[in-house]
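One-letter residues, chain by chain:
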Amino acid sequence: MPLTGVKVLDLTRVLSGPFCTVLLGDMGADVIKVEAPGGDTIRGQGAAQDGLSLYFAQFNRNKRSIVLDLRSEEGKDALARLVARADVLVENFRPGVLDRMGFDDVRLRTLRPSLVVCSINGFGSTGPYRDRPAFDFIAQALSGFMSVNGRTEDPPLRSGLPISDLVAGLYAALSVTAAVLHARNTGQGQRTEVSLTNGMVSLLAYIATTYFATGAAPARSGNDHPIAAPYGLFPTRDGQIALAPADNLFFGRLVDALGLPDLKDDPLYADNVARVANRARINAIVGGRLAAHPTAYWVEVLNKAGVPCGPVHGVAEALSDPQIMAQEMVLSLAREGRDPLRMLGFPMKFSETPCRVRRLPPELGEHTADILGEVGL
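Here we summarise the structure given alongside this text. Quick caveat: nothing in here was measured; it's all calculated off a predicted structure.

1. A few points about the sheet that holds strand E8 (residues 190-195)
Each strand in a sheet pairs with another by means of backbone hydrogen bonds, the pair being arranged parallel or else antiparallel.
Then, in step 1: Taken in spatial order, the six strands of this open sheet run E5-E2-E1-E6-E7-E8, and their pairing is parallel. Strands with a single pairing partner mark the edges of an open sheet, and in this sheet they are strand E5 (63-67) and E8. Strand-to-strand twist across the sheet, computed as the mean angle between neighbouring axes with direction ignored, equals 20 degrees.
Then, in step 2: Where strand E7 (residues 116-121) and E8 come together, six bridges link them in parallel fashion. Looking at E8, one finds that Cys-118 is bridged to Thr-192.

Quick look at the structure:
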């Protein structure tokens, strides 16, 4: 596996940090989850199966669990010994907390000069907001993301998923793998930092570029695209279909498939600028044709014509879709004496070193004795 041989100390809890470290574990790293005596708080959150939180399980497979009281000298001594043998330490405390525990950068470098330290926080370790508490909802709000999400007539809207936590976890895993490569090549460790808010700002994409160019950000547009039309959700005879003909090529394919080829030569719809200006008109024309047949009919016809489109799935439909199943994005893990454990699969597909579940989510402190034994305790 790509990260076999890399040892990771995971001092994180809840979501952003555990998402980072489960990605590293899925790619083969030996992840040691360091938990307080009460355990990670999400062990008690969300739906459970046989007493196991599936929320915890999804983000903590491929890890070993050790319980350490890092407020005690014994716990700190054990952590120091683990650091001396580790390649990576990941933490998501507020800035300065790890320093106050006695593990500032100087000590960490002394214990392990090649150590990669990854810090995940709300706002970054510098600036006026560094000490503020932060959760996903706050990062979504402050980053500008919510201001452009939702419909024009509605107030700002958050994502239905904890997107800032997940984005921060992705960036953290990416930065760790890059820093580990640097350490392997040079012997030099370093600190890498990711914040929830910076991650969200980085995703503003053409929203930010429009602002830089014009001084104004696009207004909320719901499922419409601010710079492309027709684009969004359209009613069919029995539901809705998502359409994304993003340029003239795909627009031409769409109107041909709908039996409206003359629209390609109409100056009102000559390009995206014209189509956006006449969005209501073109949406009504396209919507009128789509309403004549069921969603499944149009999905078949339009995909055959090369038009990006798809049904609007609920979660149950998505997780049973034949494409999702073919990609093994739903796993069923056998557990002795218990019902199989279902969880999401691996979005990263390696041809030679595929991800796999080597360890089921650990019980609290399940590996404490083994891990302490590895460092002579």
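2. As for helix H3 (residues 73-83)
Then, in step 1: Taken together, the buried positions of H3 are occupied by Gly-75, Lys-76, Ala-78, Leu-79, Ala-80, Leu-82 and Val-83.
Then, in step 2: Packed against the buried residues of H3 are strand E1 (7-10), strand E2 (30-35), E5, strand E6 (88-91), helix H5 (105-111) and helix H16 (368-374).

3. Overview of the pairing of E6
Then, in step 1: Neither face of E6 is left uncovered, since the one carrying Val-88 and Val-90 and the one carrying Leu-89 and Glu-91 both have all their residues buried.
Then, in step 2: Of the pairings in the sheet, the one linking E1 to E6 comprises three bridges and is parallel in character. Residue pairing for E6: Leu-9 is matched across the bridge by Leu-89.
Then, in step 3: Bridge count between E6 and E7: four bridges; the pairing is parallel. Bridge pairing in E7 places Val-90 opposite Cys-118.

4. Let's talk about the side chain of Arg-335
Then, in step 1: As for its placement among the helices and strands, Arg-335 is situated in strand E12 (residues 330-335).
Then, in step 2: Judged by its relative accessible area of 11%, Arg-335 falls in the buried class.
Then, in step 3: Side-chain polar atoms of Arg-335 contact the side chain of Asp-50, separated by 2.9 Å.
Then, in step 4: The contact partners of Arg-335, leaving out residues within four places of it in the chain, are Gln-49, Asp-50, Leu-52, Leu-341 and Leu-360.

Rules used in this analysis
Residues numbered from 1 in each chain as written. Predicted model: local features only at pLDDT ≥ 70, side-chain atom pairs only at ≥ 80, totals over all residues. Heavy atoms only, no water. Pairing = 2+ DSSP bridges. Helix = DSSP H or I, 4+ residues; strand = E, 2+ residues; numbered from the N terminus. Axes fitted to C-alpha atoms, helices over the stretch in contact; angles between N-to-C directions. Buried < 20%, exposed > 50% of the residue type's maximum accessible area, 1.4 Å probe, protein only. Contact = heavy atoms within 4.5 Å. Polar contact = N/O pair within 3.5 Å; in protein donor to acceptor, adjacent residues only side chain to side chain.

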